[in-house]
Amino acid sequence: SIVAGRASARPAPALLRFPDGCAMGDALRWVGRNAEEVICAAMMTFMTILGFTNVLARYLGFSMAYTEELLVMLLVWLTMLGNAAGFKRNAHLSMTFFRERLPTIGQKTLEILSTALTLGSLLVVMTVCVVYQIPDEILLNSRTLSLDLPTVYYSLAIPVCGVLVIIRVLQASWRDWQSLGRAGR
């Protein structure tokens, strides 16, 4: 319909709606924006169920030794994804006592230094993993004891999630840089 010479903008009908009225597209965009948190929550849920099942099985006299391998592997991935989520939410530890007492130029200098040190240390760890750790595990055909999985699955968390951490560090640094620019006006 036309209202005051303009066509009214009616939203396209959604094929699927969630109970709260959120369209499927909105929900998928939310999952995309919060991918790290969604994956971490799913992993933690699975790890909790697996750990509880292991304890229950031991109580009943069964052995599920293989679950420890899965839990450790998931913990490595969870740690790296949680690191990315922490930077995304600006929830990483920082010591702001001295920085807040500096003029804007000093704060910006410390922001650059902090970002460079964070990225540098992450790149060193990723490089060591990609250049030494992963090739050695592949060359030696290193496998886990219970599940006979390649141990490279553990190590892949560092470079794969490391790329995401780098992106989140740069985003957090940019947000901080912009907020320092507004504070200095």
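Looking at this structure, I do not really get helix α2 (residues 35-59). What am I missing?
Since the α-helix packs 3.6 residues into each turn, any two residues three or four apart lie on the same face. With 25 residues, α2 extends 36 Å between its outermost C-alpha atoms, agreeing within 8% with the 36 Å of an ideal straight helix rising 1.5 Å per residue. All buried positions along α2 are accounted for by Glu 36, Glu 37, Cys 40, Met 43, Met 47, Leu 50, Asn 54 and Ala 57.

Please clarify how unusual backbone geometry should be interpreted in this entry.
Note: most peptide bonds trans; most residues except glycine with negative phi. One non-glycine residue, Asn 90, lies in positive phi territory at about 60°. Here Asn 90 shows up in the loop between α3 (66-88) and α4 (104-139). Of note, the phi angle at Asp 148 is positive, near 55°, even though the residue is not glycine. With respect to the helices and strands, the residue Asp 148 is situated in the loop between α4 and α5 (152-155). Residue Asp 148 is classed as partly exposed on the basis of its relative accessible area, which comes to 43%.

How should the pattern of salt bridges be read in this particular structure?
Should the charged atoms of two oppositely charged side chains come close, the side chains can pair. Considering all chains together, one arrives at 6 salt bridges under this definition. Its salt-bridge partner being Glu 36, residue Lys 88 comes within 3.5 Å of it at the nearest N-O pair. Of this pair, Lys 88 sits in helix α3 while Glu 36 is found in helix α2, placing the two residues 52 residues apart along the sequence. Glu 36 carries the same exposure label as Lys 88, and that label is buried. The partner of Arg 168 in a salt bridge is Glu 36, and the shortest N-O contact between them spans 2.6 Å.

Help me understand the packing of aromatic side chains, please; the structure alone is not making it clear to me.
A full pass over the atoms with the stated rule returns 1 aromatic pair. Ring geometry for Phe 97 and Phe 98: centres 5.1 Å apart, planes at 80°, overall edge-to-face. For the pair formed by Phe 97 and Phe 98, the shared burial category is exposed. Its end group placed over the ring of Phe 97, Arg 101 keeps NZ or CZ at 3.8 Å from the ring centre. Across from the ring centre of Trp 177, 4.7 Å away, lies the NZ or CZ of Lys 108, which sits over that ring.

Rules and cut-offs
- Residues numbered from 1 in each chain as written.
- Predicted model: local features only at pLDDT ≥ 70, side-chain atom pairs only at ≥ 80, totals over all residues.
- Heavy atoms only, no water.
- Helix = DSSP H or I, 4+ residues; strand = E, 2+ residues; numbered from the N terminus.
- Expected span 1.5 Å × (residues − 1).
- Buried < 20%, exposed > 50% of the residue type's maximum accessible area, 1.4 Å probe, protein only.
- Salt bridge = Lys/Arg side-chain N within 4 Å of Asp/Glu carboxyl O.
- Phe/Tyr/Trp six-rings, centres within 6.5 Å; stacked < 30°, edge-to-face > 60°.
- Lys NZ or Arg CZ within 6 Å of the ring centre and 35° of its normal.

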